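Structural overview for review
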Amino acid sequence: MSAADDGTSSGAKIFALAQRIYPICRSITGNGVRQTLREIGAHIPLDVHEVPTGTPVLDWVVPREWNIRDAYIKDPRGRKVVDLNESNLHVMSYSVPVCRTMSLDELKSHIFTLPDQPDLIPYRTSYYQENWAFCMAHRQLEQLRDNTYEVVIDSTLADGHLTYGEYFHLGESDDEVLLSAHVCHPSLANDNCSGLALLAELASRISQMRTRYSYRFLFAPGTIGAITWLARNEHRVSRIKHGLVVSMVGDGAGPTYKKSRQGDAEIDRAMMHTLQHCKLTPTILEFSPYGYDERQYCSPGFNLPVGLFQRSRFGAISQYHTSADDLSFIRPEHLGDSFRIISEVIDLLEGNRSYYNTSPRGEPQLGRRGLYGAIGGDKDAAAANMAMLWILNLSDGHHSLLDIARRADLPFPIILKTAKVLERHELLAPVW
Amino acid sequence: MSAADDGTSSGAKIFALAQRIYPICRSITGNGVRQTLREIGAHIPLDVHEVPTGTPVLDWVVPREWNIRDAYIKDPRGRKVVDLNESNLHVMSYSVPVCRTMSLDELKSHIFTLPDQPDLIPYRTSYYQENWAFCMAHRQLEQLRDNTYEVVIDSTLADGHLTYGEYFHLGESDDEVLLSAHVCHPSLANDNCSGLALLAELASRISQMRTRYSYRFLFAPGTIGAITWLARNEHRVSRIKHGLVVSMVGDGAGPTYKKSRQGDAEIDRAMMHTLQHCKLTPTILEFSPYGYDERQYCSPGFNLPVGLFQRSRFGAISQYHTSADDLSFIRPEHLGDSFRIISEVIDLLEGNRSYYNTSPRGEPQLGRRGLYGAIGGDKDAAAANMAMLWILNLSDGHHSLLDIARRADLPFPIILKTAKVLERHELLAPVW
Amino acid sequence: MSAADDGTSSGAKIFALAQRIYPICRSITGNGVRQTLREIGAHIPLDVHEVPTGTPVLDWVVPREWNIRDAYIKDPRGRKVVDLNESNLHVMSYSVPVCRTMSLDELKSHIFTLPDQPDLIPYRTSYYQENWAFCMAHRQLEQLRDNTYEVVIDSTLADGHLTYGEYFHLGESDDEVLLSAHVCHPSLANDNCSGLALLAELASRISQMRTRYSYRFLFAPGTIGAITWLARNEHRVSRIKHGLVVSMVGDGAGPTYKKSRQGDAEIDRAMMHTLQHCKLTPTILEFSPYGYDERQYCSPGFNLPVGLFQRSRFGAISQYHTSADDLSFIRPEHLGDSFRIISEVIDLLEGNRSYYNTSPRGEPQLGRRGLYGAIGGDKDAAAANMAMLWILNLSDGHHSLLDIARRADLPFPIILKTAKVLERHELLAPVW
C-alpha cells in the first residue's frame, strides 16, 4: 500500500476536519488546544501530553495556561460593538482579564486594526508580556463615537499546562520521519487548520501501512510547543532522519518548499524532485531562520533535516494573520494536491535505496531476459529503455534511486518501479 | 610532427574511403565486416580477430554468424518489387532464411516502413530474436496490390565468428588512447562509414608520429563487438587513459561531444576546450547511458574516460537510420573539420603536462631574457604577454597546461608553444 | 573609533595631497620618488628605505638610478617645440642622455605619439633597455617641418638607490594587513597620485586607532619596488593575512575589484560583500596575472591574499597612460567614495569573527531579554529581528560574521552591531 492517491477523496476529508476545528478558540495553551486534539483524536489514537506551567524547557519555561470565556466592548447604549463570539480573533491571545469602563481614547491604545485592509480583523498575541487588547476592522473602529465604553475580557491566566498531541507509527526501523503542525492559531483556516487536518488524514493513512520508517506526527503549539517537545525528547531526536513542518496547505498558490538548514538533506532533495514533477508551479526557498517550527528543529544545536511545506509562502499573502484567512480561503482540491505531494514524498523516502548492478562490466543483455525491445534501430524504443539504462549505469553503490531519478530527469515512481523489475531479474542487489 | 592539419586533404581522403566501404552489406558478424576491414587494412596494418560463435563475453555470448546472398519480393508477374541488390537496407539485419509465397496481408506483418517519411527505407535489426523482415519506402508499400508474392531471403545464420579489427601504435608510454568506431551498420554513410574512414586516416597519420601515448584503434561491431573486446582485454583496460567513440562525423551540424561517465576526465576537458575554440557551433552533452559503444566503456564496472564525438547528435536528425543517410549526406569538408578537431584533441593530450615555475617568488625578469616587450606603457603590449604571465603564475605543479589554457581563455596551442619557450629559458621545469 | 566616515572630508584631503604630488617627475628611482615620499611623510611618519643599485632582489637586480634635469627639442629658430618643463610625460622614463642635432626623420624614430588620440601625450618607459625618446601629441608632431633639430636630454643614469617608503601601525596582533600603492608614475593623476594620497589619508586615520590587526602601508615603485620589498621581507610575508593594491581611485567609474589569486580569500569575500552594498555599480574580476603589484604578491611562490581595488579598470579607459590622466580626471567625491569603501572593508576585517551560540538548542527566548518585539503576529516585526535570528542560527563556530552577512544578505555593519548586542547578553561567545 502506498501513501499516495490522486488526492480527491483525501482533499474532501481534510476539508471536513478543517471545517470542524476552525471555530475553536486556540492559543498556545488552554482548552482550545485540548478540544482541537480531541477532534484530531477522533481520526487517529493520539497521545495527549500535559506539561505543567513552570517546567523548564531548553532556554524557556512553560508559561501559565490561558483560557477565555467571554470578551466584548459595549457602547453606552449597551450594544456590543466588539464580541468574542463573533470572531475569536477579536481578542489578542493571552490578554489578561479586564472589566472596566474607559474613554474611547484610552481604549484605542488597546486596539489593533489594519488601516490598509480596513475590513479585516488582525490576529495578535502577547504570550510573554502581560497585556490586553482587542483586534477589529479599521472601518469599524472609525465608526466608534467618542464615548465611554464597557470593556470586558473574561479570561484566566493561571498555572496549568501546555498541551500537545503525538501520534507514533512504528515501522521496520527506529529511524523516524517527523511531521509537525502548529496547533496554536485560533480561527485561521489555512494557518493552520489546513495543516492539522492534512496531517491527521496522513497519519490515518500511514497507520494502515507497513512502512520502512517509523512516523511521528506532532500537533503542538508553535515555538513553545516544539521547544517543549524537543526538551523532553533531546535524547532521541537523532532518530529523526527526515522531517516536514506543514502549514498553510489549503490555498491554491505554490507549492512552496523551504529547505532544511542542512540544505542538501534527503528530504530537501526528495521534495525538490517531487515538486519538479508535480505539474504545479513550485517555489524552492533556501533555509532562513524565520518561519514556523523548523526554526526550532533547525536550530544549530539540533540541526535536524526538517523542511517546511506550504502553498503560499507565509507573510507573502494579504490574508496572512487576518480574518480573511477563513474557510473560503481553503479548498478541498488544493488540500488534496498538498496531500498528494506530501504522500509522494513519503513514498519516495520509503522506496529510496542504493543498489549494486550485479553485472557491472558492460551492459547486461537485457533482450535475453525479455527486458528490451527486440527490434533494433527503432527511433522510439530507446526512450522506454532509458530508466533501465540509467539505473544499471549508476547503480555502483554510490547513487541512490533518487540520485538516479534526478540525473535521468525521470519521475521517481518510474525509477522505483523499474528498479524493482531489475531486482527481480537479479540485475540489482540492494546495498545494506 | 603533429596530428593536426587544416583538414582539407584529410577530408578528401576520408571521403574516398567512406565511398569505398559504403556499398558493403555489413552486420554485427559476417563477410561484410571482413570486407570492410580489408578496405581499412589497405591503409594501416590491421590485426583482424575472429571470435567463435558461443564464446562467453561478459554477460553475453558471441552469436551465430549471419551472411546474406540475395533477397527479394517478387510480384505475380515475376517483377522484383523489393531487391537487396538495390539497397542493403531492404532486409532486416539477421533475418533468417525464407523462401515462400504469401498474401500481401501476411507479408505486411514482415515489412517495416516509415509512414512519416514515406520515401525512405528504414534500417532495422533483430540480432537476438529469430525473425525476418523487409524494410521499404512507405509509398512503395502503398502501391503493392492485394496479391500473392514470392518472398526470398537467401541468408545463413550459423556457427561462425565475430570479426573485429585493431590497430595499435606504440608510444613512449604504455598508457593508451582508445579510438573506437562501430563497423556493423550497412549502407549508412554518416553512421558510420564516416567514423570508420576518419579513424583509418587518423591511424595512418599517427603511425608516422613519435607519440607520448600508445594509441589503440578499434573497428568492431556495435555493442557485442565492444563487449567482446572488453571481455578479451579486461586485464589491461586500466591502461586506457583517454578515449573517444567516433560516429557520424561527416555532416555539417554540431560538433557534438557527449562527456564520459566520469564527466570531468581529461578527455572531457580537452574536448570542451578544443570545441570552444573550434569556430563551429559545438554542443556539449552530459553523459547519458544511451548512444554508441561509450555505453560499454562507461559501464560502472569499467567506467573508462571515454566520450563520444559526433557532428549531429544521434537520433536528432531525420536521416538517422534511414536510406537518406547516403553519400550525399556527408561531405569532405565536414569530414575534414571533424578530423582537424580530433587531431587537435590528440595534440592537446600529447602536450598536456604540469610544470613548476622555477622562479616562483615574484615574476621572473622576462625583459632580461628577451621575452618581454621592452617599451613599457604600451597599451597593446600586454595582450601578447598574457600567455607567458598565465603560465608562470599558475605553474605551481597543480595546474596542467590545459588548466592554464582554460583559465586564461587562450587556445591550447598558444599555451603549449609559449610553455616550450619558457622551458627552453629554464623558467619552467616539468613535473614528473 | 572606526576607519569609516562618509568620505566627504576625507575626499577633500586626499584630493589636496594628490594635487601636491601631481607635478613631481617620478620614475622607478630617483629624486622624484624621494620628493613624493617627503610629501606623504608630512602626513604620517614614513620609514624611507634606500636600496643600492646592484642589489639582487629575487630574480631581479636593483637598477641604476635615473634623474633628469632638463629635456627639450629646439627647432632651427631656437624655439623649444617640446619641453620637459611643460609636461614630464614628454620624456620617456629612463631615457639616457642625449645632446645632438638631427634631422626630423632621425628624430621621429625616437618619438612616441598616439595617432588615435592626436591631442594627448603618451606615457612611455624603457627601464631595462638603454634608449631615449620623446613623447608628444600627434597633432604637434605633424606640424614639425622637415628641418634639423637640437635634441637635449639632460639625464643621468648612474649607480644610486631605489627608494621606497613604509608606514607600519602596530595592532593587537602580529597579523598584518598590507596596503600598497605604486609611486613610480610621473604626472598621472589617477594612476597613481590618487592611490598614494588615499593611502596616506588612510594611514593617518588608522594611526589614531586601536586595531586588532597590524597595518603595513607600502609606497614603492611598481614591479621592482614590490619585488625589492618582497626580497627584503621574505621571512615575514606569511604575517600578511589580507592585502589590497590601490590604484586609480579618483575617477567616477566602477568600483572595480580584482580578486586575489586565492580567489576566495577573506579580503575577496569582504570586498565583494562591501561592494554589493555600496550603492555604486561595482565590477568583480577574477584574478589575472596582469595589472599592478598584485602580480608580485600573488606570484605562485608567495600567493598572498592581496586583491586590487580601482575605480576604472586599468587599460579600459581612454585616459590610461596619457596626459589626459590629469587633475581634472579625479574628483574629491570619488576619492571620498573610494576611501569610504576601503575603510568599510577594514572595519569588516577588524570586526569579522566567529561565535558560538551559547544556547544552541532551540531558539533562546529573546523576548525575556527584551530583544524581541513583544506583540506576535505583526507582519513587520519579523524583518527587524532577522539579523538576530541569522546570527543565532549560524553561530555554530563554523560561520564568521561575514559568512552570516552574506547568507542573510544584510550589510556587515548591521550584523556586527547585532552580534555585539547578543554578546552583551551572553548569547554569543567568541571562538578563540
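In the annotation of an unreviewed UniProt entry, the entry for chain A reads Aminopeptidase-like protein, and the organism field reads Bradyrhizobium elkanii.

Turning next to the domain arrangement of chain A. Residue and element names in this part refer to chain A. Along its sequence, chain A is carved into domain 1 (8-63 + 161-351), domain 2 (65-158) and domain 3 (354-430). Look at where the C-alpha atoms of domain 1 and domain 2 centre, and you get two points 30 Å apart. Facing 24 residues of domain 1, the contacting portion of domain 2 comprises 17 residues. Approximately 1700 Å² of surface area, both sides summed, lies buried where domain 1 meets domain 2, with 55% of it carried by carbon and sulfur atoms. Here domain 1 is connected to domain 2 by one salt bridge. For the salt bridge of Glu65 with Arg34, the shortest nitrogen-to-oxygen distance reads 2.9 Å. For the pair domain 1 and domain 2, the number of links is 12 residue pairs in polar contact (both at pLDDT 80 or more).

Residues and elements named next belong to chain B. Here helix α1 (residues 8-21) crosses helix α5 (residues 189-207) at 130°, and the two axes come no closer than 8 Å. Comparing the axis directions of α1 and α5 gives the class oblique. The element α1 and its partner α5 pack so that their crossing is right-handed. Note on element contacts: α5 touches α1 through Cys193, Ser194, Leu196, Ala197, Leu198, Ala200, Glu201 and Arg205, opposite Ser10, Lys13, Ile14, Leu17, Ala18 and Ile21. Class assignment for the residues of the contact of α1 with α5 results in nine nonpolar, two polar and three charged.

Right, let's get into the interface of chain A and chain C. At the interface, 32 residues of chain A touch 27 residues of chain C. Here chain A packs against chain C, burying approximately 2500 Å² in sum over the two surfaces, 49% of which is carbon and sulfur. The largest contributions to the chain A side of the interface with chain C come from A:Asp59, A:Pro289 and A:Tyr290, which together make up 25% of the buried area. Linking chain A with chain C are five salt bridges, by the criterion used here. Put simply, A:Arg295 and C:Glu363 hold a salt bridge, and the shortest N to O gap is 2.6 Å. Scanning the region where chain A abuts chain C turns up 14 residue pairs in polar contact (both at pLDDT 80 or more). Counted by class, the side of chain A that touches chain C contains 15 nonpolar, 11 polar and six charged residues.

This part takes up the relation of the copies chain A and chain B. For the pair chain A and chain B, the superposition axis carries a translation of 0.0 Å, the fit reaches an RMSD of 0.0 Å, and the rotation angle comes to 120°. Here the transformation between the copies is reduced to the relation of a three-fold axis. By C-alpha distance to the rotation axis, the residue of chain A lying nearest is A:Asp264, at 13 Å.

Time to look at the nonpolar core. Core analysis: the largest hydrophobic core is formed by 138 residues, its most contacted members being A:Phe217, B:Phe134 and B:Tyr297. With 10 residues, the single largest contributor to this core is helix α5 (residues 189-207) of chain A. B:Ala203, B:Tyr215, B:Ile341 and B:Leu389 belong to the second-largest nonpolar core, a separate cluster that totals 131 residues.

This part covers the interface of chain A and chain B. Taken together, the 27 residues of chain A in the interface contact 32 residues of chain B. Across the chain A/chain B interface, buried area totals approximately 2500 Å², and carbon plus sulfur atoms make up 49% of it. At the surface where chain A touches chain B, the tally comes to five salt bridges. At the junction of chain A with chain B, the criterion picks out 14 residue pairs in polar contact (both at pLDDT 80 or more). Looking at the side of chain A that touches chain B, the element that brings in the most residues is helix α10 (residues 381-394) of chain A, giving seven residues. In terms of residue class, the side of chain A that touches chain B is made up of 11 nonpolar, eight polar and eight charged.

All names here are of chain A. Its location among the elements puts Ser247 in the loop between β13 (240-246) and β14 (256-258). Under the relative-accessibility criterion, Ser247 is labelled buried at 0%. Sequence-distant contacts of Ser247, that is, excluding residues within four places in its chain, are made with His182, Asn190, Asn192, Tyr292, Leu308, Phe309, Gln310 and Arg311.

Right, let's talk about the side chain of A:Gln365 for a bit. Topologically, A:Gln365 is positioned in the loop between β17 (354-357) and α10. Not counting chain neighbours up to four residues away, the residues in contact with A:Gln365 comprise B:Asp59, B:Trp60 and B:Tyr128.

Okay, the sheet that holds strand β17 (residues 354-357) of chain B next. Residue and element names in this part refer to chain B. Spatially, the three strands line up as an open sheet ordered β18-β17-β19, and their pairing is antiparallel. If you trace the sheet from one side to the other, it starts and ends with β18 (396-400) and β19 (428-430), each paired once. If you compare each strand with its neighbour and ignore which way they point, the axes differ by 40° on average. Taken strand by strand, helix α11 (residues 401-408) contacts β17 and β18, and its axis lies near 70° from that of β18. Strands β17 and β19 of the sheet are contacted by helix α12 (residues 412-424), whose axis makes an angle of about 100° with β19.

Let's shift gears to the environment of A:Thr283. Residues and elements named next belong to chain A. With respect to the helices, strands and loops of the structure, Thr283 is situated in strand β15 (residues 283-285). Separated by 21 residues in the primary sequence, Thr283 and Gln262 place their C-alpha atoms 18 Å from one another. With residues up to four places along the chain from it excluded, the contact list for Thr283 reads Pro255, Thr256 and Tyr257.

Let us now look at the sheet that holds strand β10 (residues 161-169) of chain C. Residues and elements named next belong to chain C. Pairing in this open sheet of eight strands is mixed, and the strands run β1-β10-β12-β11-β13-β16-β14-β15 from one edge to the other. At either end of the open sheet lies a strand with only one pairing partner, and these are β1 (47-52) and β15 (283-285). Averaged over all adjacent pairs, the angle separating strand axes in this sheet is 20°, with direction ignored. With seven bridges joining them, strand β11 (residues 176-182) and strand β12 (residues 214-220) adopt parallel strand pairing. The residue of β12 that forms the bridge with Leu179 is Phe217. Its contacts with the sheet place helix α5 (residues 189-207) against β10, β11, β12 and β13 (240-246), and it is angled at close to 150° to β11.

Calculation notes
- Residues numbered from 1 in each chain as written.
- Chains lettered and ligands numbered in written order.
- Predicted model: local features only at pLDDT ≥ 70, side-chain atom pairs only at ≥ 80, totals over all residues.
- Heavy atoms only, no water.
- Domains from an automatic or database assignment.
- Contact = heavy atoms within 4.5 Å.
- Buried area = accessible area lost by both parts, 1.4 Å probe.
- Salt bridge = Lys/Arg side-chain N within 4 Å of Asp/Glu carboxyl O.
- Polar contact = N/O pair within 3.5 Å; in protein donor to acceptor, adjacent residues only side chain to side chain.
- Axes fitted to C-alpha atoms, helices over the stretch in contact; angles between N-to-C directions.
- Helix = DSSP H or I, 4+ residues; strand = E, 2+ residues; numbered from the N terminus.
- Parallel < 35°, antiparallel > 145°, perpendicular 65-115°, else oblique.
- Left-handed = near helix turned anticlockwise from the far one by under 90°.
- Nonpolar A, V, L, I, M, F, W, Y, C, P; charged D, E, K, R; others polar.
- Least-squares fit on C-alpha atoms with pLDDT ≥ 70 in both.
- Core = buried A, V, L, I, M, F, W, Y, C linked by side-chain atoms within 4.5 Å.
- Buried < 20%, exposed > 50% of the residue type's maximum accessible area, 1.4 Å probe, protein only.
- Pairing = 2+ DSSP bridges.

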